Amino acid sequence: MYLVFAESQDNKYKKSSLEAISYAKAAAGGAGVAVFTIGSTDASELGQYGADKILQAASLTCSDPFVIAAALAEAANACGAKCIIISNNYAGKSIAPLLAVKLKAGVVSGVVALPNVDGDSMTVRKGCFSGKGFVEMKLNSVIKVLAITPNSYKIEINAGSGAVEAYTPQANVSQARTQQVELKKVTGKIPLTEAEVVVSGGRGWKGPENWGMVEELAAILGGATACSKPVSDMDWRPHEEHVGQTGITIKPNLYIATGISGAIQHQAGVSGSKVIVVINKDPEAPFFKIADYGIVGDVFEAMPKIIEAAKVWKAGNH
Amino acid sequence: MKILVCISQVPDTTTKISFADNNTKLNTAGVQFIINPYDELSLTRALELTEKLGGIVTVINVGLADSEANIRKALAIGATDAIRINSEPKDAYFVAEQIAAVAQSGGYELILTGRESIDYNSGLVGGLLAEMLNLPYVNVVCKLDVEGTTATCEHDIDGGREVVKCNLPCVLSAQKDLTEPRIPNMRGIMAARTKPLQVVEPQVVPILAEALTYELPASKGACKMLDVADAGKLIDLLHNEAKII
Ligand SMILES: Cc1cc2nc3c(=O)[nH]c(=O)nc-3n(C[C@H](O)[C@H](O)[C@H](O)COP(=O)(O)OP(=O)(O)OC[C@H]3O[C@@H](n4cnc5c(N)ncnc54)[C@H](O)[C@@H]3O)c2cc1C
Ligand SMILES: Nc1ncnc2c1ncn2[C@@H]1O[C@H](COP(=O)(O)O)[C@@H](O)[C@H]1O
């Protein structure tokens, strides 16, 4: 049995969780997939991605990683799970190592492909050297924990008949080891790690007042906005938009870099994108080396044209 | 207070990566190794805290003798003393077990790691360590204050930031914005030469995960260039050629 931890936010299951269930279904072969989830969001939709069974701890509403890991470990034991799949987002990165110790499980984070399973052992591919390489990891433990990178596996509709079962773990909020004092939520935005299209701006835009075009193109394409480090350091843009070695790593289908030089530390966060478009007035900008489409020119000249064309495309297609 | 700062050494951020021995290891020829940037942040924050509250900062590394230059650098930045566990760092679980064995009886009130090492990008050691030591864990901490026996941490969560409190002792992993890293000065470098660096032998533990082979990302095809006057064509290419929108 494979067990997936599915998370919801604002009464909706996260895209990364649907990816994780699809991934588990493909990896499990005939072994079956169970889902563990907390909170009261309607979980019946999860069956269609391949879940054979859905354990819902509706009353467990807390973000303390220790409590979630403890509940997840109980669920894993209850269904005899040999492999637990978690999203490699901030929550998952915090839960996965705690869970691994509780289950004495080998753990690999940043997984980007399906595993090769051979009896009790498994090899799986993860990113390393900040986007500059991949490594095949071999897991020798009986139970394994994998944290998979968002956007690295497609959501698939699978035959699954998973009914939702109420589940009450022993673990509960009174065991929390951290207490929330304040929540600073960024609302109304697609989380960068989940976005399929990202439009990003660098110092080439000269100042925060010019970001309208970056935002407009992102909105038309249904994507999110990102930026380079100096741009967030200067507070032109909020820190959570900063991508790269010291920011976040993203893997969208499409990354459009405007007015960004493409320093190696910036590339570290975006080189996993499927298609990269670079707009830069300097033909020698390092970003062109990893671009699929390039425009040498002024962003203030190129972007209005792209936005116009995108509006026409959108009107015709959607 | 007693603070333990876990430091790993990693290739400098500008390193061009290649692999050796049939792609089973990093080709280290010409590679400059540095203290993992996130570990520099946690070290600096640890020093700021002990300057304010009193106490000592011990740095710990699981590594062979070749990491001593970077351990000395951490001492030059201001750590009080250092421990090196004499083993190749095999995987995150292995590293955490080695550090846990030492930290168990050390009486540390705060154990800091980086958010991730920029070579293996696992981000696991901190959480593993916390659970092995049965301590609270907060990851990706971008602001940290300690008062009495409570740590207050602002940290990144999916879709925003959250401020949490937890009791000491605890394990925290450092994220950008925690502080500005310090660079060693001449006096620090001189002092570091004589600061204690203890070498301990590793525990024998089972290896739960191991790296088999490495690979470079597939190289990109040629970049298709568009004239800026035709920039609007990009949308058509993305739709009909790349089929990505
Ligand atoms: C340890 C370390 C970690 C780092 N981590 C990160 C990280 O996580 N993320 C990150 O982004 N950086 C990171 N950096 C910084 C990185 O090295 C670069 O300095 C940074 O990415 C540059 O940002 P930029 O491209 O926006 O600005 P610049 O380097 O100033 O480049 C601006 C670009 O815009 C172009 N341009 C200017 N005007 C126009 C115009 N009108 N039209 C079109 N193009 C124009 C220029 O030709 C230039 O290429 C890190 C550095 C270090 C040392
Ligand atoms: N060999 C090591 N010795 C000491 N600390 C380490 C070692 N490897 C990783 N760490 C710590 O664990 C953090 C996360 O590393 P990782 O889980 O490998 O991404 C690093 O930022 C370090 O603080």
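Please read these numbers as outputs of a predicted model, since none were measured by experiment. (Residues numbered from 1 in each chain as written. Chains lettered and ligands numbered in written order. Predicted model: local features only at pLDDT ≥ 70, side-chain atom pairs only at ≥ 80, totals over all residues. Heavy atoms only, no water.)

## Observations concerning the site of ligand 1
Part 1 of the argument: By nearness alone, 27 residues border ligand 1, and A:Ser228, A:Ser261, A:Gln265, A:His266 and A:Asn280 come closest of all.
Part 2 of the argument: Near ligand 1, the surrounding residues belong to chains A and B.
Part 3 of the argument: Here an oxygen atom of ligand 1 and a backbone polar atom of A:Lys229 are 2.9 Å apart.
Part 4 of the argument: Between an oxygen atom of ligand 1 and a side-chain N or O atom of A:His266, the distance comes to 2.7 Å.
Part 5 of the argument: If ligand 1 stood free it would expose 980 Å²; the protein chains cover 78% of that surface.
Part 6 of the argument: Counting residues per element, the ones that place at least two in the shell around ligand 1 are helix 5 (229-233), helix 6 (264-270) and helix 7 (299-317) of chain A.
Part 7 of the argument: Of the residues assigned to the shell around ligand 1, the class counts are six nonpolar, 15 polar and six charged. (Near = heavy atom within 4 Å. Polar contact = N/O pair within 3.5 Å; in protein donor to acceptor, adjacent residues only side chain to side chain. Areas by Shrake-Rupley, 256 points an atom, 1.4 Å probe, with all protein chains shown as cover. Helix = DSSP H or I, 4+ residues; strand = E, 2+ residues; numbered from the N terminus. Nonpolar A, V, L, I, M, F, W, Y, C, P; charged D, E, K, R; others polar.)

## A word on the confidence of the model for chain B
Part 1 of the argument: Per-residue confidence for chain B averages 96 on the pLDDT scale, and 100% of its residues sit at or above 70.
Part 2 of the argument: What the predictor reports for the complex is a pTM of 0.94 with an ipTM of 0.95. (pLDDT = per-residue confidence, 0-100.)

## Focus: the site of ligand 2
All names here are of chain B.
Part 1 of the argument: What surrounds ligand 2 is a group of 19 residues, the closest being Cys6, Asp39, Val62, Ser117 and Gly123.
Part 2 of the argument: Residue isoleucine 7 places a main-chain N or O atom 3.3 Å away from a nitrogen atom belonging to ligand 2.
Part 3 of the argument: In the model, an oxygen atom of ligand 2 is placed 2.7 Å from a nitrogen or oxygen of the glycine 123 main chain.
Part 4 of the argument: Here ligand 2, which alone exposes 480 Å², has 95% of that area covered by the protein.
Part 5 of the argument: Elements that contribute at least two residues to the shell around ligand 2 include exactly strand 6 (56-63), helix 3 (92-103) and strand 8 (110-114).
Part 6 of the argument: Here the shell around ligand 2 takes three residues from strand 6, the largest share from any one element.
Part 7 of the argument: Within the shell around ligand 2, the residues separate by chemical class into nine nonpolar, eight polar and two charged.

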